Amino acid sequence: RINDRVNNLDTDNTDMSNFRVKLSAPGISTGLIEEMDRHMTSYPNTSLIVIDTFEHIRNRDTSKQTLYSADYSDIKTLRQVTNKYEITLLLVHHTRKMNDENDPINNISGSTGLTGATDGNWVLEKAKRIENHAKLTIDNRDTDSFCFDLKFNSDTCHWDYIGNNTG
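First, a word on scope: everything that follows refers to the structure included in this document. Not measured: the values here are computed from a predicted model.

## Considerations on the sheet that holds strand E6 (residues 158–164)
(1) Moving on: As summarised here, the arrangement of the four strands in space is E3-E4-E5-E6, forming an open sheet in which the pairing is antiparallel. Taken across any chain shown, the strands that pair with only one partner, and hence form the sheet edges, are strand E3 (120–125) and E6. Going from strand to strand, the sheet's axes swing by 30° on average, the running direction of each strand aside.
(2) Moving on: As paired elements, strand E4 (residues 133–140) and strand E5 (residues 146–153) share six bridges and run antiparallel to each other. Considered in E5, the bridge of Lys 135 is made with Asp 149.

Below, the structure written as structure tokens:
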């Protein structure tokens, strides 16, 4: 599926020479940090790493910690890598099943340790699962928050900007 999507990207106007895909990775406590260090040594111009999904690399033993502590600890460990190399790490994560209509950030699955430890959170919401229209809410630590209306273009595998969402 990932290869199909990459092949559909509009690469005519985009330099893809620095684009790399790795289809598996160890967990945070089982070698991920060391693997990221090796990657940064081999490719020092890396500016973005995307992990899809966060759940695949999380620490599993929470028997000695509260959920909040475990969530915060996972993010804190990953932040050490982003700070060391001055890179952006985009963690794809799921929303919870119960919807909070007043604050989309509250829809992020897990404790507030996840959202509290990050520099920013983006939540993509569709009114219905089968729709190709969505609302993207962006909440960052050091900037204003934003909300945009988007439409998915299946031909290019891009979310196209429709306008600002003020609702």
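## A word on the side chain of Thr 53
(1) Moving on: Mapped onto the elements, Thr 53 comes out in the loop between strand E1 (48–52) and helix H3 (67–85).
(2) Moving on: The exposure class assigned to Thr 53 is buried, which follows from its relative accessible area of 11%.
(3) Moving on: If sequence neighbours within four positions are ignored, Thr 53 has contacts with Val 92 and His 94.

## With respect to the pattern of salt bridges
(1) Moving on: Enumeration according to the criterion identifies eight salt bridges in this entry.
(2) Moving on: Here Glu 35 makes a salt bridge to Lys 22, at a shortest N to O gap of 3.3 Å. Of this pair, Glu 35 sits in helix H2 (residues 32–42) while Lys 22 sits in the loop between helix H1 (2–8) and H2, placing them 13 residues apart in sequence.
(3) Moving on: The class for Lys 22 is exposed, based on a relative accessible area of 56%.
(4) Moving on: Asp 74 is the salt-bridge partner of Arg 58, the closest N and O atoms lying 3.2 Å from each other. Separated by 16 residues along the polypeptide, Arg 58 in the loop between E1 and H3 and Asp 74 in helix H3 bring together distant segments of the chain. When sorted by exposure, Arg 58 lands in the same class as Asp 74, which is buried.

## A closer look at the nonpolar core
(1) Moving on: Ranked by internal contacts, the top residues of the largest apolar core, which has 16 residues, are Leu 32, Ile 49, Phe 54, Ile 57 and Leu 78.
(2) Moving on: Mapped onto this core, the elements with two or more residues apiece are H2, E1, H3 and helix H4 (112–117).
(3) Moving on: When residues of this core are assigned to their parent elements, the largest contribution, four residues, is made by H2.
(4) Moving on: Discounting residues that sit within four places of it in the chain, Phe 54 has contacts with Ile 28, Asp 74, Ile 75, Leu 78, Leu 91, Val 92, His 93 and Leu 114.

## Thoughts on H3
Residues that lie three or four places apart on an α-helix share one face, since the helix turns once every 3.6 residues.
(1) Moving on: Given a rise of 1.5 Å per residue, 19 residues ought to cover 27 Å, and the 28 Å separating the end C-alpha atoms of H3 matches this to within 8%.
(2) Moving on: All buried positions along H3 are accounted for by Ala 70, Asp 71, Asp 74, Ile 75, Leu 78, Val 81 and Thr 82. For H3, the angular spread of buried residues about the axis comes to 120°, placing them on one side. Turned more than 90 degrees away from the buried face of H3, the exposed residues are Gln 80, Asn 83 and Lys 84.
(3) Moving on: Downstream of H3 by one or two residues, Glu 86 has phi in the positive range, about 50°.

Criteria and cut-off values
- Residues numbered from 1 in each chain as written.
- Predicted model: local features only at pLDDT ≥ 70, side-chain atom pairs only at ≥ 80, totals over all residues.
- Heavy atoms only, no water.
- Pairing = 2+ DSSP bridges.
- Helix = DSSP H or I, 4+ residues; strand = E, 2+ residues; numbered from the N terminus.
- Axes fitted to C-alpha atoms, helices over the stretch in contact; angles between N-to-C directions.
- Buried < 20%, exposed > 50% of the residue type's maximum accessible area, 1.4 Å probe, protein only.
- Contact = heavy atoms within 4.5 Å.
- Salt bridge = Lys/Arg side-chain N within 4 Å of Asp/Glu carboxyl O.
- Core = buried A, V, L, I, M, F, W, Y, C linked by side-chain atoms within 4.5 Å.
- Expected span 1.5 Å × (residues − 1).
- Arc of directions from axis to C-beta.

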